[in-house]
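# Architecture at a glance
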Amino acid sequence: MSVQSFIPTVWSAALLTGLHKNLVFAQPGVVNTDYEGEITKQGDQVKINFIGKVSVFPVSRNQDIPDPEQLDTAATTLVISEANGFNFAVDDVDKVQAKGDLIERAMGEASYEVRDAADSFVAGLYTQAAAANLIGDDTSPIVLTADNAYDYVVDLGVKLDEANVPSGGRWCAVPPWVHGLLRKDKRFIERSTPMADDMIKHGIIGEVAGFGSILKSNNVRHTNNTKFKIMAGYPGAISYADQIVTVEAFRMEKRFSDAVKGLHVFGGKCVRPNGLAVLTANRS
């Protein structure tokens, strides 16, 4: 690629597509992007409206029904609080000598790093408004072993059940060492279908205990490899929005090099704390 063949809209779309395909915590089905709106810069805000419960009443033959009730409404704001950029250059000499397209590969690396930063951000959203359903805490973390890891994942599901969280689309995100413990338990079902290969690319490693997917990620929050925050929930719990605001190619003024820079803005919010459950766990 050279700056002459660079089409900003194409590169921006390609980068955002690659970003979404590789997300774990921020992928569709784990978070919702219902309120993405029009995002143009860091600091933009997206208004999220909520409607209260609708009453249900018994109906009797030949009896009037109650007057229409006034719906309770509330609103919250999702702020596009984060912004990350990248800026790299490829020397003309290196581009000629190297096989393949260096800028294309560098864009792939940029997409990965942008994804990792966004994913880590979403992994920390359990602290917003505090996840309502907890097992263990920083003072008394649960020690996980091959004998009890599956049982505690089941317990996370029970916490969601007791909070009336919808069962469809439930997920649970674990660090690799917990995935290893689950694989030692015969009750853990790994998918061995052709669909599994594609799912693994998204960090999805199987299903267990009523969760539609178990996600594996090194971005599970922890403190010095202790007190891992294993998070479970459903897509309605966290709202997320992002945009590749700009991708620009340019020739460096004082070098024989092509360069590319870009800006990614994003934000997220835990909008339904009842929809999340968090297990604070240590290794055995």
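Residues numbered from 1 in each chain as written. Predicted model: local features only at pLDDT ≥ 70, side-chain atom pairs only at ≥ 80, totals over all residues. Heavy atoms only, no water.

For strand S10 (residues 238–251) and strand S11 (residues 257–270), the ladder comprises 13 bridges, and the chain directions are antiparallel. Note on S11: the bridge partner recorded for Val 247 is Gly 262. Hairpin connection between S10 and S11: a loop of 5 residues separates the two successive antiparallel strands. (Pairing = 2+ DSSP bridges. Helix = DSSP H or I, 4+ residues; strand = E, 2+ residues; numbered from the N terminus.)

Right, let's get into the packing of aromatic side chains. Counted according to the given criterion, the structure contains 4 aromatic pairs. Taken together, a centroid distance of 5.2 Å and an interplanar angle of 70° make the contact between Trp 177 and Phe 228 edge-to-face. You can see Trp 177 sitting in helix H5 (residues 176–183) and its partner Phe 228 sitting in strand S9 (residues 228–233), a full 51 residues away along the chain. Of the residues examined, Trp 177 reaches a relative accessible area of 14% and is grouped as buried. Phe 228 gets classed as buried once you look at its relative accessible area, which sits at 3%. Each ring, one from Tyr 240 and one from Phe 266, has its centre 6.5 Å from the other, and the planes form 40°; the classification is tilted. Taken together, the positions of Tyr 240 in strand S10 and Phe 266 in strand S11 put the pair 26 residues apart, joining distant regions of the chain. Tyr 240 sits in the buried class, given a relative accessible area of 2%. We classify Phe 266 as buried; its relative accessible area is 2%. The positively charged end of Lys 261 is found above the aromatic ring belonging to Phe 250, 5.4 Å away from the centroid. (Phe/Tyr/Trp six-rings, centres within 6.5 Å; stacked < 30°, edge-to-face > 60°. Buried < 20%, exposed > 50% of the residue type's maximum accessible area, 1.4 Å probe, protein only. Lys NZ or Arg CZ within 6 Å of the ring centre and 35° of its normal.)

As summarised here, the arrangement of the 3 strands in space is S3-S11-S10, forming an open sheet in which the pairing is antiparallel. Pairing within the sheet leaves two strands with one partner each, and these edge strands are strand S3 (82–91) and S10. Within the sheet, the average angular offset between the axes of one strand and its neighbour, ignoring direction, is 15°. Pairing of S3 with S11, which is carried by 10 bridges, proceeds in the antiparallel orientation. Residue pairing in the sheet places Asn 87 in a bridge with Lys 261 of S11. (Axes fitted to C-alpha atoms, helices over the stretch in contact; angles between N-to-C directions.)

Charged atoms that come close allow side chains of opposite charge to pair. Throughout the structure, instances matching the rule amount to 5 salt bridges. Notably, a salt bridge pairs Lys 229 with Asp 138, separated by 2.7 Å at the nearest N-O pair. With Lys 229 in strand S9 and Asp 138 in the loop between strand S4 (133–135) and strand S5 (142–144), this pair connects stretches of sequence that are 91 residues apart. Between Arg 170 and Asp 161 there is a salt bridge; the shortest N-O distance is 2.7 Å. On the accessibility criterion, Asp 161 (45% relative accessible area) is partly exposed. (Salt bridge = Lys/Arg side-chain N within 4 Å of Asp/Glu carboxyl O.)

Although it is not a glycine, Asn 164 sits at a positive phi angle of roughly 60°. The residue Asn 224 is not glycine, and still its phi comes out positive at about 50°. Summarising the element assignment, Asn 224 is placed in the loop between strand S8 (211–216) and S9. Owing to a relative accessible area of 69%, Asn 224 belongs among the exposed residues under this scheme.

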